[in-house]
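Letter by letter, the chains look like this.
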Amino acid sequence: MGKSRFWKIGAAAALLISILPTSTGMAAAALTEVPYAMDSSNQAGWWTPLETYGTGNEYAYLAYNGPGGSENTHTVNIARRDGSGAWSNIPVMNGSTVAQYSDDIGHNQPSIARDGSGRFHVFASMHNDSWRYFRSDTVGGAPQNHSSDMPAFSTFKGTYPVLTTAPNGDVYLLIRSSDDTTGYRPGILYRWNNAQSSWSQVAIVGANAGRSFYPNDLVFDAQGDLHILFEWSTFVSSALRHDLSYVKYRPSTGTFYKADGSVIASPVSLSNVDIVQPFAPTEAYVKDGGDPGGPGIQSAKLAVDSAGNPKIVYRYREEGSTNFSVKYASYDAGGWTQQTVYNATATRAGIDITWTGSEVRVYYAKYSGTDRAYMAVPDGNGGWTQTSIAPGKPIERLSVERNANGVDILYLVDITNRKLYYGRN
């Protein structure tokens, strides 16, 4: 269960797309159209909308925005695929009605996790909003509004909730606080204690004067440590972020670590955290108001290998470029190293990464073209082999999770045609 990447309408509408050859000699993914209507607001780069469960014929849960009562609203749902391939839709409930919120692309999208007891946890449509938290009252049941169970229920506001499930069945949440009174917006880590069925604040992960924290990803490794990835912007916010940062948290001791194993006090700041992508000479923090151009980061995701080493993919606009390149970073005894995976054309915010047990798989989406969703793997000669995984489909956003059977499960979003695809790769 959880993001185990370290090894990481009606049923008649479902469409199975055969495995097709590509020009690289590798195969495209096997895709199935999710048989439920998707809202055009179902698009983000930071979210964690996909969950799998089981070691046999696994189940998959795809949290998504469905159409609301008007064009500028959406409902919150979970598309459930069982081990036989049958689909069912699970509405996320706000009392006796399906939860519905205003569209806010890039902010009001759902993240999901399944705890060790089989209950769903969903955080949805939070952009500087009070808690919008939903949890199943029964195993696999429709999540109900449990916002009042969250710490600081009456005062907290936040954005960008990302989730993962620990090996012991606890759920961890990373979210940015919207408290502007301090002159910065910190990132806070929370824990669902599955045995006690309660939430608590673990720590303020990151805080820096004049900066805002942007959550990217949470991934547990085989040793039970939690790897945390995030970016920074100028306060209060910006479309262009910088200083991609990494830290590791050990729940057994409550300690934070850098990639080299040294202990680091929390909250971390730009003065002591691991910086994954070096700051370019012309790179600068800028105020919000649209993309200002210049070097910077937009979206990043994380995997860890079987030894617990971080593997990171991110989109970074290099000096002198108008496109965001797909970059890969890893850590060894000499420090962080970076490689360019793809920079030939513009890319979308959707990006992800898994670890197969012997190599990384990087997933990204091109901005335009007949084929847009791609997977890249190292070619053994310092380069990367690119494979189209959804030929002919205008995929713009994606999420990927490596399941317990070592299969990459794909969540692919076609915004143009308002379709969501489930895939296996």
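Criteria and thresholds
- Residues numbered from 1 in each chain as written.
- Predicted model: local features only at pLDDT ≥ 70, side-chain atom pairs only at ≥ 80, totals over all residues.
- Heavy atoms only, no water.
- Pairing = 2+ DSSP bridges.
- Helix = DSSP H or I, 4+ residues; strand = E, 2+ residues; numbered from the N terminus.
- Axes fitted to C-alpha atoms, helices over the stretch in contact; angles between N-to-C directions.
- Buried < 20%, exposed > 50% of the residue type's maximum accessible area, 1.4 Å probe, protein only.
- pLDDT = per-residue confidence, 0-100.
- Contact = heavy atoms within 4.5 Å.

Peer 1: Please provide a residue-by-residue account of the sheet that holds strand β12 (residues 127–129), values included.
Peer 2: In spatial order, the strands read β12-β15-β16-β17-β18; together these five strands make up an open sheet with antiparallel pairing. Edge positions in the open sheet fall to β12 and β18 (198–206), since each of these has one partner strand only. The mean angle between the axes of side-by-side strands here comes to 40°, regardless of whether they run parallel or antiparallel. Sheet topology note: the strand β17 (residues 187–193)/β18 ladder contains seven bridges and is antiparallel. Bridge assignment links tyrosine 190 to a residue of β18, and that residue is glutamine 201.

Peer 1: Please provide a residue-by-residue account of the pairing of strand β15 (residues 158–165), values included.
Peer 2: In terms of burial, β15 is largely enclosed, as eight of its eight residues are buried. Relative to β15, β12 runs antiparallel, the two sharing two bridges. When the bridges of β15 are listed, histidine 127 appears paired with threonine 159. Relative to strand β16 (residues 171–177), β15 runs antiparallel, the two sharing six bridges. From the neighbouring strand, leucine 163 faces β16, where its bridge partner is leucine 173.

Peer 1: Quick rundown of the confidence of the model for the chain? Include the residues and the values.
Peer 2: Per-residue confidence for the chain gives a mean pLDDT of 92, with 94% of residues at or over 70. Across residues 1–25, where pLDDT falls below 50, the model places 95 contacts with residues more than four positions away in sequence or in other chains.

Peer 1: Any details on the environment of threonine 164? Residues and values, ideally.
Peer 2: Counting through the fold element by element, threonine 164 comes out in strand β15. Sequence spacing of threonine 164 and serine 197 is 33 residues, and the spatial spacing of their C-alpha atoms is 16 Å.

Peer 1: Report on the sheet that holds strand β26 (residues 310–317), specifying residues and quantitative values.
Peer 2: Where strands meet in a sheet, backbone hydrogen bonds hold them as pairs that are either parallel or antiparallel. The four strands are arranged β25-β26-β27-β28 in an open sheet whose pairing can be described as antiparallel. Each having just a single partner strand, β25 (296–304) and β28 (335–342) make up the two edges of the open sheet. Averaged over all neighbouring strand pairs, the angle between strand axes comes to 25°, with direction disregarded. Where strand β27 (residues 325–332) meets β28, seven bridges bridge the pair, whose relative direction is antiparallel. By the bridge assignment for β28, serine 330 is matched with threonine 337.

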